[in-house]
Amino acid sequence: MEDYFLVVYWEQRGAGRSYHGDIARESMTIEQIEQDLDELVDLVRNRFGKERVILLGHS
């Protein structure tokens with residue numbers, strides 16, 4: 001996919017490489033994760049001048 005698209009790897013707050021013991025557990029809510037994702041999509045759209053962003057998730 002990286003040959004044809006801009007690929008952004010994102011890990012949710014407090015997961016994987018974004019884990020840090022100082023992250024407040026109260027900040028790890030569905031609402032906060034949705035807000036984080038909205039901010040990420042806006043950042044990618046603005047930085048790269050794209051109108052559409054396609055999300056692919058896996059676990």
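In short, a report on the structure. (Residues numbered from 1 in each chain as written. Predicted model: local features only at pLDDT ≥ 70, side-chain atom pairs only at ≥ 80, totals over all residues. Heavy atoms only, no water.)

**A word on a nonpolar patch on the surface**
Next up, step 1: Taken together, the side chains of Met1, Tyr4, Phe5 and Leu56 present a nonpolar region at the surface, about 600 Å² in accessible area.
Next up, step 2: With respect to the helices and strands, the residue Met1 is situated in the segment before α1 (30-48). (Patch = residues over 30% accessible without salt bridge, like charges linked within 9 Å, V, L, I, M, F, W, Y side chains within 5 Å. Areas by Shrake-Rupley, 256 points an atom, 1.4 Å probe, with all protein chains shown as cover. Salt bridge = Lys/Arg side-chain N within 4 Å of Asp/Glu carboxyl O. Helix = DSSP H or I, 4+ residues; strand = E, 2+ residues; numbered from the N terminus.)

**Some remarks on the side chain of Asp36**
Next up, step 1: Here Asp36 lies in helix α1.
Next up, step 2: Dropping the residues within four chain positions of it, Asp36 is found in contact with Trp10 and Arg13. (Contact = heavy atoms within 4.5 Å.)

**Observations concerning the pattern of salt bridges**
Next up, step 1: In total, this model carries one salt bridge according to the counting rule given.
Next up, step 2: With a shortest N-O distance of 3.6 Å, Arg45 and Glu51 are connected by a salt bridge.
Next up, step 3: Owing to a relative accessible area of 28%, Arg45 belongs among the partly exposed residues under this scheme. (Buried < 20%, exposed > 50% of the residue type's maximum accessible area, 1.4 Å probe, protein only.)

**Focus: the environment of Arg13**
Next up, step 1: Its place among the elements puts Arg13 in the segment before α1.
Next up, step 2: What makes Arg13 partly exposed here is its relative accessible area of 29%.
Next up, step 3: Along the chain, Arg13 and Ile23 lie 10 residues apart, while their C-alpha atoms are 8.3 Å from each other.
Next up, step 4: Ignoring any residue separated from it by four or fewer positions in sequence, one finds Arg13 in contact with Ser18, Ile23, Ser27, Met28, Gln32 and Asp36.

**Notes on the layout of surface pockets**
It is a probe the size of a water molecule, rolled over the atoms, that shows where empty space is left.
Next up, step 1: Roughly 1100 Å³ of internal volume is contained in the largest pocket.
Next up, step 2: Around the largest pocket, the lining is made up of 24 residues, and of these Val7, Val8, Ile54, Leu55 and Leu56 lie nearest the centre.
Next up, step 3: Residue composition of the lining of the largest pocket, grouped by class: 17 nonpolar, three polar and four charged. (1 Å grid on protein atoms, 1.4 Å probe; cavity = no way out; pocket = protein on both sides within 12 Å on 5 of 7 lines; lining within 4 Å. Points joined across faces, edges and corners; volume = space filled by probe spheres on them. Nonpolar A, V, L, I, M, F, W, Y, C, P; charged D, E, K, R; others polar.)

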